[in-house]
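Close look at the chain arrangement
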Amino acid sequence: MMQIELLNVNGKCVQGICLQAPGGKGHPNMLVLTCEEGYIMCGYLNLDTAQVCNDAAAVVGGSSFEEILKNPVKAVTEKAAALGVKVGMTGAEAAAKLNG
């Protein structure tokens, strides 16, 4: 099942997309939060591919939109780093940077 939700992060819109347990019952959710200049993804997705595609992307662990916004950034692409996204900041802080 897919869930799409519009989230308000510091007054700006972030679109949350969740594929619930894509690997079947008991598997984690696959989450992406799209912003104006890039996106935040869960660990299910591939940072190396995002880097090759020159995407501004950050990896944050969590199983819900709220957890992704609260938890710390684990890794970033070079383009996300150039926009000010840093390992250790919260997902909400990263979303603010990726929203310009």
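Since the model is a prediction, treat every value here as computed from it, not as a measurement.

**Observations concerning the state of the cysteines**
- Taken as a whole and assessed by the stated rule, the structure comprises zero disulfides.
- Left without a disulfide partner, Cys 35 is nearest to the cysteine sulfur of Cys 13, which lies 9.3 Å away.
- The class of Cys 35 is buried, set by a relative accessible area of 13%.
- Cysteine Cys 42 is unpaired, with the sulfur of Cys 18 as its nearest cysteine sulfur at 8.5 Å.
- On the basis of relative accessibility, which here comes to 3%, the residue Cys 42 falls in the buried class.

**Here's the deal with a nonpolar patch on the surface**
- A grouping of Met 2, Ile 4 and Leu 19 is seen on the molecular surface, where their side chains present a nonpolar patch of about 280 Å² in accessible area.
- Here Leu 19 is to be found in strand S2 (residues 12–19).
- Accessibility expressed as a relative area gives 30% for Leu 19, which makes it partly exposed.

**Notes on the side chain of Asn 99**
- Along the polypeptide, Asn 99 turns up in the segment after helix H4 (91–98).
- Judged by relative accessible area, Asn 99 falls into the buried class, the value being 3%.

Reading the values: the criteria
- Residues numbered from 1 in each chain as written.
- Predicted model: local features only at pLDDT ≥ 70, side-chain atom pairs only at ≥ 80, totals over all residues.
- Heavy atoms only, no water.
- Disulfide = S-S within 2.5 Å.
- Buried < 20%, exposed > 50% of the residue type's maximum accessible area, 1.4 Å probe, protein only.
- Patch = residues over 30% accessible without salt bridge, like charges linked within 9 Å, V, L, I, M, F, W, Y side chains within 5 Å.
- Areas by Shrake-Rupley, 256 points an atom, 1.4 Å probe, with all protein chains shown as cover.
- Salt bridge = Lys/Arg side-chain N within 4 Å of Asp/Glu carboxyl O.
- Helix = DSSP H or I, 4+ residues; strand = E, 2+ residues; numbered from the N terminus.

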